[in-house]
Amino acid sequence: MKYSRAYVEITNICNMHCSFCHGHHRRKRQMTEAEFVHILQQLEGKTEYVYYHLMGEPLTHPDLPRFVELAGERGFHSVITTNGTLLDRRGQELISAGVHKVSVSLHSFEEGDTAAHVNYVLKVADFARRAAEAGVIICLRLWNNGCDDGKNIVAEECLCDVFPEPWQENSRGYRLMDKVFLEWGDRFRWPDSEDPEQGESVFCYGMRDHFGILVDGTVVPCCLDSEGAVNLGNVFETDLETILTSPRASAMAEGFGNRKATESLCRRCSYARKFG
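In every chain, residue numbers begin from 1 and rise along the written sequence. In keeping with the predicted nature of the model, local features appear solely for residues at pLDDT of at least 70, side-chain atom pairs appear and are counted solely at 80 or more, and the whole-chain, interface and lining totals rest on all residues. To get the side-chain values, all heavy atoms of the structure are used, and hydrogens and water are removed first.

(A) Looking closely at the sheet that holds strand β4 (residues 101-105). DSSP bridges decide pairing: two strands pair if at least two such bridges lie between them. The numbering of helices and of strands both runs from the N terminus, where a helix is a DSSP run of H or I of at least 4 residues and a strand a run of E of at least 2. Pairing within the open sheet is mixed, and its 10 strands lie in the order β6-β7-β8-β5-β4-β3-β2-β1-β9-β10. The two strands at the open ends of the sheet, each matched to only one other strand, are β6 (168-169) and β10 (219-220). Pairing of β4 with strand β5 (residues 137-142) involves 5 bridges; the strand directions are parallel. Its bridge partner lying in β5, V104 is registered against L140. The contact criterion used throughout is that any non-hydrogen atoms of two residues lie within 4.5 Å. Comment: axis = line fitted to C-alpha atoms, over the contacting stretch for helices; angle = value between 0 and 180 degrees taken between N-to-C directions. Where helix α4 (residues 114-133) meets the sheet, it contacts β4, β5, β7 (173-177) and β8 (180-184), and its direction lies at approximately 155° from that of β5. Here helix α5 (residues 151-162) sits on the sheet and contacts β5, β7 and β8; the angle it forms with β8, its principal contact strand, is near 170°.

Here is the structure:
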């Protein structure tokens, strides 16, 4: 089966403590180059897109550019999701390594003071412009509708300084220039095993067009399983194909096809409810 993407958590370490982020209680760890290469080998023929996140900030990993190069050599497109705070120092490395797309969660810095926030947005915008000119797709995310305390207006004003209007409106936000997009969205809540179940009638794309691999090799059904609650197996111990076609994984995919959640965590996931 071919998947649209695979989420690979190369590190579960982050340099920020954002209020909207669930976080995790797993042991802090960074993936080695040998482990990453092993995962790439396991992913061959299953997807063309590797997304470098579940938890953690990928730009804290010293070998990220090398990982992007290794993935590119094997025909994968690398997609980075980042809080953007390290792009002024490491952004050029990503561009040079051949990253396909970078999504920046601009709402990560919504709690900073105004001066720091402006400085942050301008640095991200400068990277976005340079990266786009080099052919990289950039998505600037403000996924905090109603929770920004006026910071989104400040962010827009900063972006106007770097990307003069008029912007081209689309279904998710705006196209600021070729390959640079500003995307709006509502804040969502990560599912938690302590949350009450909301019923088993739910649809999700997990195990149908994507799955995730945590930094220790644990395979999970989606990028929102921050603690590895739905442990389908370990890619460092078992062949990935065996894990993805296991009775438990197959039951999840079949269940979602019938709008039924077979796992307790999925019955607690409010994000999946957006799919109707």
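(B) Region of interest: the nonpolar core. Judged by nonpolar contacts, the single largest core of 87 residues is most densely connected at L43, Y52, L140, L159 and F211. Examining the composition of this core, we find that 8 residues originate from one element, α4, more than from any other. Ignoring any residue separated from it by four or fewer positions in sequence, one finds L140 in contact with V104, L106, V124, A128, L159, L176, V180, F181, L182 and E183. To define a nonpolar core, start from buried Ala, Val, Leu, Ile, Met, Phe, Trp, Tyr and Cys residues and group those joined through side-chain atoms within 4.5 Å. When accessible area is computed with a 1.4 Å probe and restricted to protein chains, residues below 20% of their type maximum are described as buried, those above 50% as exposed, and intermediate ones as partly exposed.

(C) Spotlight on the layout of surface pockets. The definitions used throughout rest on a 1 Å grid laid over the protein atoms alone, on which a cavity is an enclosed set of points accommodating a 1.4 Å probe that cannot get out and a pocket is an open set flanked by protein within 12 Å on both sides along at least five of seven lines; lining residues are those having an atom within 4 Å of a point. Grid points are joined across faces, edges and corners, and a volume is the space filled by probe spheres set on the points. Volume-wise, the second largest pocket comes out at about 150 Å³. Forming the walls of the second largest pocket are H22, H25, P191, D192, S193, E194, L224, D225, S226, E227, A229 and L265. A class-by-class count of the residues in the lining of the second largest pocket yields 4 nonpolar, 4 polar and 4 charged. Classification convention: Asp, Glu, Lys, Arg as charged; Ala, Val, Leu, Ile, Met, Phe, Trp, Tyr, Cys, Pro as nonpolar; all other residues, Gly among them, as polar.

(D) Seen up close, the pattern of salt bridges. The rule for a salt bridge is simple: a side-chain nitrogen of Lys or Arg has to be within 4 Å of a carboxyl oxygen of Asp or Glu. Summed over the entire model, instances satisfying the criterion amount to 16 salt bridges. In this structure, the salt-bridge partner of R5 is D209, at a minimum N-O distance of 3.5 Å. Of this pair, R5 sits in strand β1 (residues 5-8) while D209 sits in the loop between β8 and β9 (210-213), and the two are 204 residues apart along the sequence. Under the relative-accessibility criterion, R5 is labelled buried at 19%. For R268, the salt bridge is made with E197, and the minimal N-O distance between the two is 3.2 Å. Residue R268 is located in the segment after α8 (264-267), and its partner E197 is located in the loop between β8 and β9; the two are separated by 71 residues in the primary sequence. Overall, R268 belongs to the buried group, its relative accessible area being 16%. E197 gets classed as partly exposed once you look at its relative accessible area, which sits at 41%.

(E) Local environment of the environment of A97. Within the fold, A97 resides in helix α3 (residues 87-97). A C-alpha to C-alpha distance of 9.8 Å links A97 and S78, two positions 19 residues apart in sequence. Discounting chain neighbours no more than four positions away, the residues touching A97 are P65, V68 and E69.

(F) Highlighting empty space enclosed by the protein. Tallying each qualifying case throughout the model produces 1 cavity of 30 Å³ or more. One number sums up the size of the largest cavity: a volume of about 40 Å³. At the level of elements, α4 and α5 are the ones that each hand at least two residues to the lining of the largest cavity. No other element matches α5, which puts 3 residues into the lining of the largest cavity. The residue makeup of the lining of the largest cavity, split by class, is 4 nonpolar, 4 polar and 2 charged.

(G) Representation of helix α1 (residues 33-43). By the burial criterion, the buried members of α1 are E35, F36, V37, I39, L40, Q42 and L43. In this structure, the buried residues of α1 make contact with β1, β2 (49-51), α2 (64-73), β9 and α6 (240-244). Just downstream of α1 lies G45, where phi reads positive at about 85°.

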